[in-house]
Amino acid sequence: MAARDAPLVKADGSITVVTYNVHHFRDASGCDNAWGVLNTLASHRPDVVCLQEFSKRTTVRRSDHSSKPAKRKGKKGRSSPVEGATIAPSSFNSKGQPSKWKFKSISEFLSEGLAISHPGCDTFHVEHVGGCAIFSRFPITLIPAHGETEAESYGQRRFGRVLRVSVDVSMVSPTKTLQVVCLHLDHFSEVIRMAQIKAWVEAHFSDDCAQIWTGDFNALTTSDYAAAELEEVARVRAQNQWESPQNDVSTLMKQHGFADAWAEHGMREGGLSTCRFNTRIDYVYVALCIATPPLCTFLRSFLGHWDGIQCNLLYFVGHLNC
């Protein structure tokens, strides 16, 4: 079967969703890591990718792809090495021939690069607003905020950074659509996060279609931790002049019928941390018509040797059960 004739639907009919805070495609030392992000994402063959701290103005250089260690580290603008890279610059094709591109926008780079891991897929569809981006193998349609202009709904802090799309999954479930919401809530205050999530749940929660709400919630679930662990979390937060551990956002999501996919269906492999402070603040919430096999796996992935900085993502595999 020719690659262009290969089916877009996976053999088991599943849909794989990844959420990832890419920190503007920089590691902790200020080095570019777009190639590392792409290869990590592509290795899991996602169908839908939700990114936070996405910078659409980022430009990727072909020459940044290298397995050689960088001679200097910590200088902003230098690229980080990519070891064991699975997607090379020559993989990007132009009319069936290896492309000799020098620069690509980050949207084009990820759209084409993610498609390389899926035979039969030429490019990923993309929508991005306010620092959030969604890439999808399936066609997507942006769903704007109700009664507000794009600038008003996405530009003000009280609304957070949120992007909502409708994903055409008719090839998987002909009678249903899947709505995906990518969020990045306030990092400072649970009060602000609650205001943000309440506004969006009230405006956009729907009980007549399958939904996935995912992203960097910057919120804790206190039941993730034993008493001693929670005391340590509180100590570290106080030391950094943050609020004490709060549980309001995760409670609100559960009250609206969302299932915390990792907590309820995951194998709990690799610990709880999705950030450098050893806490879980990133979530995949699912609602209605989604069956989840025990494949919602928390992954702790190291991208290269960027001073030992740990880059984390959440990875979810599910089926539309309707």
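Residues numbered from 1 in each chain as written. Predicted model: local features only at pLDDT ≥ 70, side-chain atom pairs only at ≥ 80, totals over all residues. Heavy atoms only, no water.

Novice: Would you mind going over the overall build of the chain with me for this structure?
Specialist: Counting its regular elements, the chain contains 7 helices and 17 strands. The buried share of the chain, taken over its 322 residues, is 52%. When contacts within the chain are restricted to residue pairs at least 6 apart in sequence, those whose partners lie at least 24 apart make up 72%. Roughly 14900 Å² of accessible area belongs to the chain as shown, and the carbon and sulfur atoms make up 51% of that amount. (Helix = DSSP H or I, 4+ residues; strand = E, 2+ residues; numbered from the N terminus. Buried < 20%, exposed > 50% of the residue type's maximum accessible area, 1.4 Å probe, protein only. Contact = heavy atoms within 4.5 Å. Areas by Shrake-Rupley, 256 points an atom, 1.4 Å probe, with all protein chains shown as cover.)

Novice: Please explain the pairing of strand β1 (residues 15–21) as it appears in this structure.
Specialist: Both faces of the sheet carry side chains from a regular strand, because those side chains alternate between them. Taken across its 7 residues, β1 has 7 buried, putting it largely inside the fold. Here β1 shows two buried faces, one formed by Ile-15, Val-17, Thr-19 and Asn-21 and the other by Thr-16, Val-18 and Tyr-20. Since β1 and strand β2 (residues 48–52) lie parallel, the crossover through helix α1 (residues 34–42) that links them has a hand, and here it is right-handed. (Right-handed = clockwise from strand over helix to strand, strands pointing away.)

Novice: When you look at unusual backbone geometry in this model, what are you seeing that I'm missing?
Specialist: Leaving glycine out, the prevailing phi sign among residues is negative, and the prevailing peptide bond configuration is trans. Even without a glycine there, the phi angle at Phe-25 is positive, about 60 degrees. You can see Phe-25 is positioned in the loop between β1 and α1. The class of Phe-25 is buried, set by a relative accessible area of 2%. The backbone phi angle of Gln-241 is positive, close to 60 degrees, even though this residue is not glycine. You can see Gln-241 is positioned in the loop between α5 (227–239) and α6 (248–255).

Novice: Explain the nonpolar core here, please?
Specialist: Inside soluble globular proteins, nonpolar side chains tend to come together where they are buried. Ranked by size, the top nonpolar core spans 26 residues in total, and within it Phe-25, Leu-51, Phe-109, Leu-110 and Phe-135 carry the most contacts. Tallying contributions element by element places α1 first for this core, with 6 residues. Not counting residues within four places of it along the chain, the set of residues in contact with Phe-25 comprises Cys-31, Asp-32, Asn-33, Ala-34, Val-37, Leu-51, Phe-54, Ser-55, Thr-58, Ile-106 and Leu-110. Among the nonpolar cores identified, the runner-up in size contains 22 residues, and Ile-140, Ala-259, Ala-261 and Val-284 belong to it. (Core = buried A, V, L, I, M, F, W, Y, C linked by side-chain atoms within 4.5 Å.)

Novice: What should I look at first to understand α1 in this one?
Specialist: Owing to its 3.6 residues per turn, the α-helix brings residues three or four apart onto one side. Judged by how many residues are buried, α1 sits mostly within the fold: 9 of 9 residues are covered. For α1, the complete set of buried residues consists of Ala-34, Trp-35, Gly-36, Val-37, Leu-38, Asn-39, Thr-40, Leu-41 and Ala-42.

Novice: Any chance you could explain the packing of aromatic side chains here in plain terms?
Specialist: Here a ring pair, both rings aromatic, is described through the centre-centre distance and the interplanar angle of the planes. Under the defined criterion, the tally for this structure stands at 9 aromatic pairs. Their ring planes at 65 degrees and their centres at 5.4 Å tell us that Phe-217 and Tyr-285 sit as a pair that is edge-to-face. Taken together, the residues Phe-217 in the loop between β12 (210–216) and α5 and Tyr-285 in strand β14 (residues 282–287) connect sequence positions 68 residues apart. For the pair formed by Phe-217 and Tyr-285, the shared burial category is buried. (Phe/Tyr/Trp six-rings, centres within 6.5 Å; stacked < 30°, edge-to-face > 60°.)

Novice: I tried to follow the sheet that holds β14 on my own but got confused; where do I start?
Specialist: Backbone hydrogen bonds hold the strands of a sheet together, and the pairing may be parallel or antiparallel. Reading across the sheet, the 6 strands line up as β9-β10-β11-β12-β14-β13 and stay open at both edges, with mixed pairing between neighbours. If you trace the sheet from one side to the other, it starts and ends with β9 (140–142) and β13 (259–260), each paired once. For strand β11 (residues 178–184) and β12, the ladder comprises 7 bridges, and the chain directions are parallel. Its bridge partner being in β12, Cys-182 is matched across the sheet by Thr-214. The strands touched by helix α4 (residues 190–204) are β10 (161–167), β11 and β12; relative to β12, the strand with the most contacts, the crossing angle is about 160 degrees. (Pairing = 2+ DSSP bridges. Axes fitted to C-alpha atoms, helices over the stretch in contact; angles between N-to-C directions.)

Novice: What exactly am I supposed to notice about the packing of α4 against α6 here?
Specialist: Between α4 and α6, whose axes approach to 9 Å, the crossing angle comes to 20 degrees. By the criterion of interaxial angle, the relationship of α4 to α6 is roughly parallel. In the packing of α4 onto α6, the handedness of the crossing is right-handed. Taking contact as the criterion, the partners of Glu-190, Arg-193, Met-194, Ile-197, Lys-198 and Val-201 in α4 are, on α6, Asp-248, Val-249, Leu-252 and Met-253. Looking at the contact of α4 with α6 residue by residue, the class counts come to 6 nonpolar, no polar and 4 charged. (Parallel < 35°, antiparallel > 145°, perpendicular 65-115°, else oblique. Left-handed = near helix turned anticlockwise from the far one by under 90°. Nonpolar A, V, L, I, M, F, W, Y, C, P; charged D, E, K, R; others polar.)

Novice: How should I be thinking about the pairing of strand β7 (residues 125–129) in this particular structure?
Specialist: Inspection of the sheet shows β7 paired to strand β8 (residues 132–136) by 5 bridges, in the antiparallel sense. Each bridged residue has a counterpart across the sheet, and for Val-126 the counterpart in β8 is Phe-135. Two successive antiparallel strands, β7 and β8, enclose a turn made up of 2 residues, where Gly-130 displays a positive phi of approximately 55 degrees.

Novice: When you look at the pattern of salt bridges in this model, what are you seeing that I'm missing?
Specialist: When their charged atoms lie close together, side chains carrying opposite charge are able to pair. Per the counting criterion, the structure on display carries 11 salt bridges. The closest approach of N and O atoms between Lys-104 and Glu-108, which form a salt bridge, is 3.6 Å. The class of Lys-104 is buried, set by a relative accessible area of 7%. Between Glu-243 and Arg-237 there is a salt bridge, with the nearest N and O atoms lying 3.9 Å from each other. Overlapping salt bridges, with partners in common, bring together Glu-190, Arg-193, Arg-237 and Glu-243 in one network. (Salt bridge = Lys/Arg side-chain N within 4 Å of Asp/Glu carboxyl O.)

Novice: Looking at this model, I keep getting lost on the state of the cysteines. Mind explaining?
Specialist: Such a bond, covalent and formed between the sulfur atoms of two cysteines, is termed a disulfide. As enumerated under the stated definition, the model contains 0 disulfides in all. Cysteine Cys-50 is unpaired, with the sulfur of Cys-182 as its nearest cysteine sulfur at 4.6 Å. Not engaged in a disulfide, the cysteine Cys-132 finds its nearest cysteine sulfur in Cys-182; these two sulfurs lie 4.0 Å apart. Taking relative accessible area as the criterion, Cys-132 reaches 1% and is therefore assigned buried. (Disulfide = S-S within 2.5 Å.)

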